[in-house]
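Descriptive analysis of the structure
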Amino acid sequence: MEARLQEAKDSIRDVIDFPKEGIVFKDITTMLKDEKHLATLVETLYEQYKDKGITKVVGLESRGFILGTVLAYKLNAGFVPIRKPGKLPAATYSEKYTLEYGEDEIHIHQDALNEDDVILLHDDLLATGGTAAASIKLLAKCGVNKAFVNFLVELDFLKGRDKLNTNFEVDSLFHF
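Residues numbered from 1 in each chain as written. Predicted model: local features only at pLDDT ≥ 70, side-chain atom pairs only at ≥ 80, totals over all residues. Heavy atoms only, no water.

Before going further, it helps to examine the side chain of Asn-150. Tracing the chain through its elements places Asn-150 in strand 8 (residues 146-154). What Asn-150 contacts, discounting residues up to four positions off in sequence, is Leu-45, Tyr-49, Leu-120, Leu-121, His-122, Asp-123 and Asp-171. (Helix = DSSP H or I, 4+ residues; strand = E, 2+ residues; numbered from the N terminus. Contact = heavy atoms within 4.5 Å.)

In structure tokens:
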């Protein structure tokens, strides 16, 4: 499995100056389009969380939806999206967070989770930590007591993990 994970990691493409000058974007689409890499990712994450009692997988808009729904299916759990403003039709909790160029906001349905749920919070990337930290705050607003936080890719040099301020277990599959 380790060799297959390394092959999957090696398939992640660097896109220079995207989405703006000075940024090196880690493009996971090159990894996801390969059925062997996709299977490796799903099986690795499933094995990591299959015995944790996960009842809901929460995916962050939008790349967290890609593997989040597959993991929910494999783990026999429900899937809950965290979305940008105006995308969820019922009453929501919201959390604002700071970006390097301004502020953004994310939402979750108020009835999506409860204190009895065991959550797997999943996204593709941990960079500066703003979105992930806001997502963890949304879990608290829903009354969640137990969660696991997972990212496909973590950009260690940005120290986003330091902003998470959580007792939940945090793990990333690939580190750059």
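What follows concerns unusual backbone geometry. Cis geometry is found at the peptide bond from Phe-18 to Pro-19, where omega equals 5°. Tracing the backbone shows Pro-19 in the loop between strand 1 (13-16) and strand 2 (24-27). Between Glu-61 and the following residue, Ser-62, the backbone shows a cis peptide bond with an omega angle of -10°. By the secondary structure assignment, Ser-62 is in the loop between strand 3 (56-60) and helix 4 (64-74). Its identity is not glycine, yet Asp-17 carries a phi of approximately 60°, on the positive side. One can find Asp-17 in the loop between strand 1 and strand 2.

We now examine the nonpolar core. Counting 26 residues, the largest nonpolar core has Leu-113, Leu-121 and Leu-139 as its most contacted members. Looking at this core, the elements with two or more residues in it are strand 3, strand 4 (78-82), strand 6 (102-109), strand 7 (118-126), helix 5 (130-141) and strand 8. With six residues, helix 5 is the largest single contributor of residues to this core. If we ignore the near neighbours within four places in the chain, the residues touching Leu-121 are Val-58, Leu-60, Ile-82, Ser-135, Ile-136, Leu-139, Phe-148, Val-149 and Asn-150. (Core = buried A, V, L, I, M, F, W, Y, C linked by side-chain atoms within 4.5 Å. Buried < 20%, exposed > 50% of the residue type's maximum accessible area, 1.4 Å probe, protein only.)

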